[in-house]
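Structure at a glance
These are the residues of each chain, in order.
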Amino acid sequence: MSRIKLSFLVATILTLLLLAFTVDAQSSADVVFDLEAYGNIVPGTDITTALANAWKDACASGRSSAIVIPGGTFEVREGNFAGPCKNRIDFQLGGTLRAPKALPGDNWIIFAHIDRLTVSGGGVFDGQGKEAWGKNDCHKRINCAQLPVSLRFNFITNSIVTRITSLDSKNFHINVLGCNNLTFHNINIIAPGNSPNTDGIHIGRSNKITITKSKIATGDDCISLGDGSRQIEVANVTCGPGHGISVGSLGRYTNEEPVEGVLVKNCTMINTTNGVRIKTWPGSAAGGTATDMHFLDIIMVNVGNPILIDQEYCPWNQCNRQVPSKIKISKVSFENIRGSSATPVAIKLICSRSFPCEEVKFRDIDLTPNGITGPITSQCTNVRPIVSGKQNPKICASPYQPPLNSFTVDAQSSADVVFDLEAYGNIVPGTDITTALANAWKDACASGRSSAIVIPGGTFEVREGKFAGPCKNRIDFQLGGTLRAPKTLPGDNWITFAQGKE
């Protein structure tokens with residue numbers, strides 16, 4: 001073959017590759033819906049309508065389909081890609097979809113009620129969030145205006161999202177709700193460290209979600225797990241800048257669902273404000289649980305708060321830290337976590353005084369200080385960690401001591417529910433707590449679960465106490481301080497326990 005013919009052949013092939021709407025090599029779709037059939041698809045133009053029409057046809061097709069978006073930058077005002085669809089769909093983005101700089105509502109791109117969806121192609125979802133970040137006032141107002149989430153996956157099943165980038169979202173980059181068996185693989189998330197509320201991937205009320213081999217750099221949590229997150233696995237993720245990988249925040253709203261079954265492994269945190277953390281609000285709207293959560297083989301590089309349980313999470317002081325969290329944390333492990341801490345307290349475990357953390361285990365922790373003077377330490381409140389292997393720093397080396405005037409369940413208690421006197425009045429040493437005690441007893445006695453009533457350290461006045469059953473389950477009445485009777489007391493009783501079950 002002559003050199004001229006060979007050059008012409010190469011040029012022809014390159015031209016075809018550049019111009020063709022090529023289906024991803026991994027796709028085996030039976031039908032390709034070509035956007036050129038839906039309008040003039042030229043980089044720089046708005047393809048909102050073309051995409052909507054292509055999705056409608058692909059979703060209605062009885063054969064597996066692919067929608068292929070070519071290289072180039074295209075404007076998309078909004079995208080609502082909803083099912084159920086008749087067969088599987090591959091949504092392949094080869095270029096960049098760009099959101100409006102000003103976008104009303106709280107959504108940009110939504111995939112909803114779809115089974116066997118693939119989103120791939122190596123392209124970019126550009127949220128153009130820079131102007132919106134300056135309008136974020138959530139640090140000032142608890143009921144602030146919600147900015148749009150770039151990508152929502154609602155009620156998606158048996159699907160995969162791979163080889164895409166989310167750039168500069170106005171709010172969360174990716175939000176996952178009500179999904180089952182959904183994998184995120186080789187995802188790239190990019191936003192500056194000062195971009196507010198730009199969580200990388202937020203998961204809520206979903207089951208069997210996997211995040212693997214991804215890079216997340218953003219201004220909030222790289223990954224955050226809300227209520228109802230079950231059987232979540234995060235592996236081989238690099239996070240930074242950002243706020244780390246978090247379970248929570250939990251307890252802010254009523255009717256929250258339990259968190260159960262979280263595995264975070266083989267991840268690296270770089271220059272993040274937190275490492276791995278569990279966070280719940282004090283003064284929780286309702287009780288709840290977070291259990292079976294495990295963090296192992298994590299590398300920390302200049303990370304603030306590398307290991308953190310914070311049950312007094314109260315951003316911008318928009319809550320009451322004096323009222324303990326009602327979220328029960330249990331069965332947590334931290335194993336083979338190593339690297340450097342940017343804060344003097346490298347391990348901080350602040351658990352609820354009403355629902356102390358249980359079964360929190362540490363094994364082989366090796367953290368060193370970075371950029372700070374003096375050694376790093378640990379801090380523990382309302383938790384007795386179980387420690388084995390290497391400890392650097394020493395994990396709560398001093399004996400556990402509950403804080404003064406705390407409402408802490410006795411170590412021998414295994415009560416399911418704690419009735420906190422603070423919920424029944426202003427519990428201050430020197431005051432009369434007769435009515436608060438009576439009301440707490442009434443609720444505990446009526447509970448179908450084992451209960452504890454805990455009276456803190458300090459001296460309190462009690463005119464009389466009639467704690468009568470029969471009760472529905474056992475009750476622990478734990479007195480940590482002093483109850484003081486009136487100097488003059490009519491009748492022949494002061495405190496009476498009667499007809500109890502146990």
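Residues numbered from 1 in each chain as written. Predicted model: local features only at pLDDT ≥ 70, side-chain atom pairs only at ≥ 80, totals over all residues. Heavy atoms only, no water.

Taking an unreviewed UniProt entry as the reference, the protein chain is identified by name as Exopolygalacturonase-like belonging to Cucurbita moschata. We quote the UniProt Sequence similarities (unreviewed entry) comment for the protein chain here in full: "Belongs to the glycosyl hydrolase 28 family." Listed in UniProt under the heading Subcellular location (unreviewed entry), the comment for the protein chain reads: "Secreted, Cell wall". (UniProt positions renumbered as here; feature names shortened; annotations may be inferred.)

Looking now at helix H4 (residues 434-446). Count 3.6 residues to each turn of an α-helix, and residues three or four apart come out pointing the same way. Look at H4: 19 Å from first C-alpha to last across 13 residues, which is about the 18 Å you get at 1.5 Å a residue. Within the span of H4, buried status applies to Thr434, Ala436, Leu437, Ala440, Trp441, Ala444 and Cys445. Buried residues along H4 cover an arc of 160 degrees about the axis, so they all sit on one side. (Helix = DSSP H or I, 4+ residues; strand = E, 2+ residues; numbered from the N terminus. Expected span 1.5 Å × (residues − 1). Buried < 20%, exposed > 50% of the residue type's maximum accessible area, 1.4 Å probe, protein only. Arc of directions from axis to C-beta.)

The residue asparagine 382 is located in the loop between strand E25 (377-381) and strand E26 (386-392) in this model. Taking the relative accessible area as the measure of exposure, asparagine 382 reaches 3% and is therefore buried. Here the side chain of asparagine 382 touches cysteine 351 through a polar contact of 3.0 Å, landing on its backbone oxygen. (Polar contact = N/O pair within 3.5 Å; in protein donor to acceptor, adjacent residues only side chain to side chain.)

Our focus in this paragraph is the environment of arginine 63. In this structure, arginine 63 sits in the loop between helix H2 (48-60) and strand E2 (65-69). Separated by 33 residues in the primary sequence, arginine 63 and aspartate 30 have C-alpha atoms spaced 6.1 Å apart. When sequence neighbours within four positions are dropped, the list of residues in contact with arginine 63 reads Asp30, Val31 and Asn87. (Contact = heavy atoms within 4.5 Å.)

Mapped onto the elements of the fold, asparagine 171 is located in the loop between strand E10 (149-167) and strand E11 (174-177). Take asparagine 171: its relative accessible area is 7%, and that puts it in the buried class. The spacing of asparagine 171 and leucine 151 is 20 residues in sequence and 9.9 Å in space, taken between C-alpha atoms. Residues within four places of asparagine 171 in sequence aside, it is in contact with Gln146, Leu147, Pro148, Val149, Asn197 and Thr198.

Now for H2. Taking 1.5 Å as the rise per residue, H2 with 13 residues should run 18 Å; its terminal C-alpha atoms sit 19 Å apart, in good agreement. Within the sequence span of H2, burial applies to Thr48, Ala50, Leu51, Ala54, Trp55, Ala58 and Cys59. Projection of H2 onto a plane perpendicular to its axis shows the buried side chains occupying an angular sector of 160 degrees, all on one side. Seen from the buried face of H2, the exposed residues on the opposite side, beyond 90 degrees, are Thr49 and Lys56.

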